[in-house]
Amino acid sequence: MNHRERVAWRFVAGGLGLIFVGIMIVGILETLSPDGAPAFGFADAFFLSAYVMLLIGLGLMPQMSGKLNRRFRLLVDGVIGGVSVGVILWMFEIRDLIDANPAAPVSHRIIASAYPIVDLAAIVVVTIVLVRRSEFRFDPRLMLFAAAASLQAVADIAYLTAIGRSFEESQPLFPLLLLAVIAFVGTAALVQRQPRPREYADRGVSLLLMMAPYGAAALMIGLLMFEVAGGSFTANTRLLLFGTLIVGVLVIVRQTVSIRENRELVEAQRGALVSSISHELRTPLTAMVGFLDLLDDPEVGPTFSEGEKAELISTVHSQTTYLS
């Protein structure tokens, strides 16, 4: 394990440690406080900080590195998926959840509004893990980590129903949280086992995963068309329109980066082709020119027997045929 990967996994370990501290605080409050632990409160500072550290750690993984253009393109792909999923979730889930308890404390609302932000960041990072092209593409540690982050994000969004309630009343999705913990533990068990690098291959499933962010964007655009066709221009329509405009700009940026990346790839391949052709031409030409110079040399040429001259001419002829 190199230095960069060690630093990345230390960020991950620090984030999981903060989650443990937050859980301990909730447990103590739930046990000692007569009203039980609040659904949102002081412990959330540890949880939110933990999620940020986890995402930073995953982003620092050497397996996520590469050329700048490729990294930026993957980031844009992830943001497209994150924005699209975020708009859809806001329409069907988050807005209703936040508006469901108007009497909830302002602090609860502020904390609750922070979770969708880190969850969208998790969606972006998970998307990058899925669509990246890397010699460590099939690293089970990253796949388990991405699965844990996804489960945690779903559990967080469902937990927003707890605004204004106590932790006991909120009924968190413990099965999802348990699965996330299992995935995190599995990641920790494999952290020292770096897989062998292997070539990346374009498979059908890989292409489907690469198109996943754009599938979410297409769904968002479809919802916008449905809203417009219905003749209504509601807050949801404005949100869909705003999200579509953002995704459109991101797609243009992404294509610009992709064109530049393809141009650099073509230039590199052309240079390799010219170098290969030059080598293939130079080898027979060197033999042909050398043998003809010997035959044409007034001092050396006459010393060759007829058989030697025939052999030299035959070699030149074979090299000419090869070049043809």
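Residues numbered from 1 in each chain as written. Predicted model: local features only at pLDDT ≥ 70, side-chain atom pairs only at ≥ 80, totals over all residues. Heavy atoms only, no water.

**A look at the side chain of Ser84**
- Examined against the element boundaries, Ser84 turns out to sit in helix H3 (residues 68-99).
- A polar contact is formed between the side chain of Ser84 and the backbone nitrogen of Ala217, at a distance of 3.5 Å.
- Apart from residues no more than four positions distant in its own chain, Ser84 is found in contact with Pro213, Ala216, Ala217, Met220 and Val247. (Helix = DSSP H or I, 4+ residues; strand = E, 2+ residues; numbered from the N terminus. Polar contact = N/O pair within 3.5 Å; in protein donor to acceptor, adjacent residues only side chain to side chain. Contact = heavy atoms within 4.5 Å.)

**Concerning the pattern of salt bridges**
- Inspection of every chain in the model, using the stated rule, returns two salt bridges.
- Between Arg260 and Glu264 there is a salt bridge whose closest N-O contact spans 3.8 Å. Linking Arg260 with Glu264, this pair stays in helix H9 (residues 235-296), spanning four residues, or about one helical turn.
- Given the relative accessible area of 40%, Glu264 is considered partly exposed.
- Arg270 serves as the salt-bridge partner of Glu267, at 2.7 Å between the closest nitrogen and oxygen. Of this pair, Glu267 and Arg270 both sit in helix H9, three residues apart, which is roughly one turn of that helix.
- According to the relative accessible area criterion, Glu267 is partly exposed, its value standing at 41%. (Salt bridge = Lys/Arg side-chain N within 4 Å of Asp/Glu carboxyl O. Buried < 20%, exposed > 50% of the residue type's maximum accessible area, 1.4 Å probe, protein only.)

**Details of the side chain of Arg254**
- Relative to the helices and strands, Arg254 is located in helix H9.
- In terms of polar contacts, Arg254 uses its side chain to reach the side chain of Gln255, at 3.3 Å.
- Sequence-distant contacts of Arg254, that is, excluding residues within four places in its chain, are made with Arg73, Val76, Asp77 and Tyr214.

**Let's talk about the nonpolar core**
- Of all hydrophobic cores here, the largest spans 30 residues; its most connected members are Leu54, Met61, Tyr115 and Phe145.
- For this core, the secondary structure elements donating two or more residues are helix H1 (3-32), helix H2 (43-59), helix H4 (106-131), helix H5 (140-159) and helix H7 (174-190).
- Non-local contacts of Phe145, meaning those with residues more than four positions away in its chain, are made with Trp9, Val12, Leu54, Leu58, Phe184 and Thr187.
- Of all hydrophobic cores here, the second largest spans 13 residues; its members include Leu223, Leu240, Val247 and Leu250. (Core = buried A, V, L, I, M, F, W, Y, C linked by side-chain atoms within 4.5 Å.)

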